[in-house]
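Here is what each chain is made of, one letter per residue.
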Amino acid sequence: MKVIVVDSCLEWADMYRIEAQAIREILGENCVAVHHIGSTAVPGLKAKPVIDIMPVVKSLAAVDEKQAAFMRLGYECMGEFGIPGRRYFRKGGENRTHQIHVFAEADGRNVARHLAVRDYLRAHPQRAREYGALKAALAARYPEDIGAYCDGKDAFVRALERDALIWQRGREKQ
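Attention in this report is confined to the structure presented alongside it. Here the structure is a predicted model, which is why all the values come from computation and not from measurement. Numbers given for residues are sequential positions, taken from 1 along each chain in its written order. The predicted nature of this model means local features are confined to residues of pLDDT at least 70 and side-chain atom pairs, given and counted, to a pLDDT of 80 or more, with totals for whole chains, interfaces and linings taken over all residues. Here the side-chain values reflect all heavy atoms present in the structure, with hydrogen atoms and water set aside.

What follows covers the pairing of strand S2 (residues 51-57). Of all 7 residues in S2, 7 are buried, a share of seventy percent or more. Examined bridge by bridge, strand S1 (residues 31-37) and S2 share 6 bridges and lie antiparallel to one another. Considered in S2, the bridge of Cys-31 is made with Val-57. The cut-offs for exposure are 20% and 50% of the maximum accessible area for each residue type, with area from a 1.4 Å probe on protein chains only; residues under the lower value are buried, those over the upper are exposed, and the others partly exposed. A run of H or I in DSSP counts as a helix once it spans at least four residues, and a run of E counts as a strand once it spans at least two, with each numbered from the N terminus. Strands pair, by our definition, only if DSSP identifies at least two bridges between them.

Okay, structure coming up:
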């Protein structure tokens, strides 16, 4: 997969809304919430132009029964794909456009960390700019190596997640 990082795009919010509606229709009453996560959910943040979507559901087993419906929307069903308790779907092949990360409502840890990072970056534009600059530099250095790009972000992302969760806990105490 080619690594391309671009400036923030206003259309990303619309792309999310359109896809989120289709996902809600597939998941039906099993769907508790659908969130726009990842870098495309943060206005002004440079990102790979891939919309990350996080549905929260009552039952992952019920999601597994909907694989054919996701495939009709153009998604590949990838199972947990490295994160226990997640169902991961991707769309667009080598030119990926969307990724779905489904978690059960009972998996509060994974749901909370994704939302905390998104909200933290929205509230801390300087940190978002630092993250965007890192991603752009890594994409320029490793345009054909998604693994090296991800490895280059790893320490920053772990620190970002830690800071975001601390920040989120502080907000919840207020």
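Let us keep going from here.
Once that is clear, we can look at the packing of helix H4 (residues 108-123) against helix H6 (residues 146-173). Under this scheme, a helix contributes an axis fitted over its contacting stretch, all axes are lines through C-alpha atoms, and angles between N-to-C directions fall in the 0 to 180 degree range. Between H4 and H6, the shortest axis-to-axis distance is 8 Å and the interhelical angle comes to 85 degrees. When the axes of H4 and H6 are compared, the pair comes out roughly perpendicular. When H4 is examined against H6, the residues Ala-112, Arg-113, Ala-116, Val-117, Asp-119, Tyr-120, Leu-121 and Ala-123 are found in contact with a partner set consisting of Leu-160, Glu-161, Asp-163, Ala-164, Leu-165, Trp-167, Gln-168 and Arg-171. Amino acid classes used here: Ala, Val, Leu, Ile, Met, Phe, Trp, Tyr, Cys and Pro are nonpolar; Asp, Glu, Lys and Arg are charged; the rest, including Gly, are polar. Looking at the contact of H4 with H6 residue by residue, the classes come out as 10 nonpolar, 1 polar and 5 charged. Any angle that is under 35 degrees is reported as roughly parallel, and any over 145 degrees as roughly antiparallel; angles of 65 to 115 degrees are reported as roughly perpendicular and all others as oblique. The contact definition used throughout considers only heavy atoms, calling two residues in contact when any of these lie within 4.5 Å.

Here we come to the side chain of Lys-91. Inspection of the secondary structure puts Lys-91 in strand S4 (residues 86-91). At 2.8 Å, the side chain of Lys-91 forms a polar contact with the side chain of Glu-19. Contacts of Lys-91, omitting those with residues within four sequence positions, involve Glu-19, Leu-73, Gly-74, Tyr-75, Arg-96, Thr-97 and His-98. Residues adjacent in sequence count toward polar contacts only when both atoms are side-chain atoms; beyond that, a polar contact is any pair of N or O atoms within 3.5 Å, and within protein one must be able to donate a hydrogen and the other to accept it.

In the contact formed by H4 and helix H5 (residues 125-141), the axes pass within 5 Å of each other and the chain directions differ by 110 degrees. The orientation of H4 with respect to H5, classified from their angle, is roughly perpendicular. Note on element contacts: H5 touches H4 through Pro-125, Arg-127, Ala-128 and Tyr-131, opposite Tyr-120, Leu-121, Arg-122 and Ala-123.

Here the focus is the pattern of salt bridges. Salt bridge criterion: a side-chain nitrogen from Lys or Arg within 4 Å of a carboxyl oxygen from Asp or Glu. As enumerated under the stated definition, the model contains 12 salt bridges in all. Its salt-bridge partner being Asp-119, residue Arg-118 comes within 2.8 Å of it at the nearest N-O pair. Residues Arg-118 and Asp-119 agree in their burial class; the two are buried. Taking the shortest distance from any N to any O, the salt bridge between Asp-163 and Arg-162 comes out at 2.9 Å. By relative accessible area, which is 48% here, Arg-162 ends up partly exposed. Each of Asp-64, Glu-80 and Arg-87 takes part in a single network of salt bridges with overlapping partners.

Here the focus is the nonpolar core. What is meant by a nonpolar core is a set of buried Ala, Val, Leu, Ile, Met, Phe, Trp, Tyr and Cys residues, joined one to another through side-chain atoms within 4.5 Å. Grouped together as the largest cluster of nonpolar side chains are 21 residues, with contacts concentrated most on Leu-27, Phe-70, Phe-89, Ile-100 and Val-102. Those elements that place two or more of their residues in this core are helix H1 (11-27), S1, S2, helix H2 (60-64), helix H3 (67-72) and strand S5 (98-104). Among the elements that line this core, the one with the most residues is H1, at 6 residues. Excluding residues within four positions of it along the chain, Phe-89 makes contact with Val-63, Gln-67, Phe-70, Tyr-75, Glu-76, Cys-77, His-98, Gln-99, Ile-100 and Val-102. Val-42, Ala-116, Phe-156 and Ala-164 belong to the second largest nonpolar core, which has 11 residues in total.

The next thing to look at is H5. With 17 residues, H5 ought to run about 24 Å at 1.5 Å a step, and its terminal C-alpha atoms sit 24 Å apart, in line with that. Summarising the contacts, the buried residues of H5 are in contact with H4 and H6. What a helix should span is 1.5 Å times the count of its residues minus one.

One can expect most non-glycine residues to show negative phi and most peptide bonds to be in trans. At Phe-81, a position not held by glycine, the phi torsion is positive, near 50 degrees. Within the secondary structure, Phe-81 sits in the loop between strand S3 (75-77) and S4.

Attention now moves to the sheet that holds S3. Taken together, the 5 strands give an open sheet; going across it, the order is S1-S2-S5-S4-S3, and neighbouring strands pair in mixed fashion. Unpaired on one side and paired on the other, S1 and S3 mark the two borders of the sheet. Each strand axis lies, on average, 20 degrees off the axis of its neighbour in the sheet, ignoring direction. Judged from the 3 bridges that link them, S3 and S4 form a sheet pairing that is antiparallel. By the bridge assignment for S4, Glu-76 is matched with Arg-90. Sheet strands touched by H4: S1, S2 and S5. Its angle to S1, the strand with the most contacts, is close to 40 degrees.

Function cannot be read off these values alone, since they describe shape.
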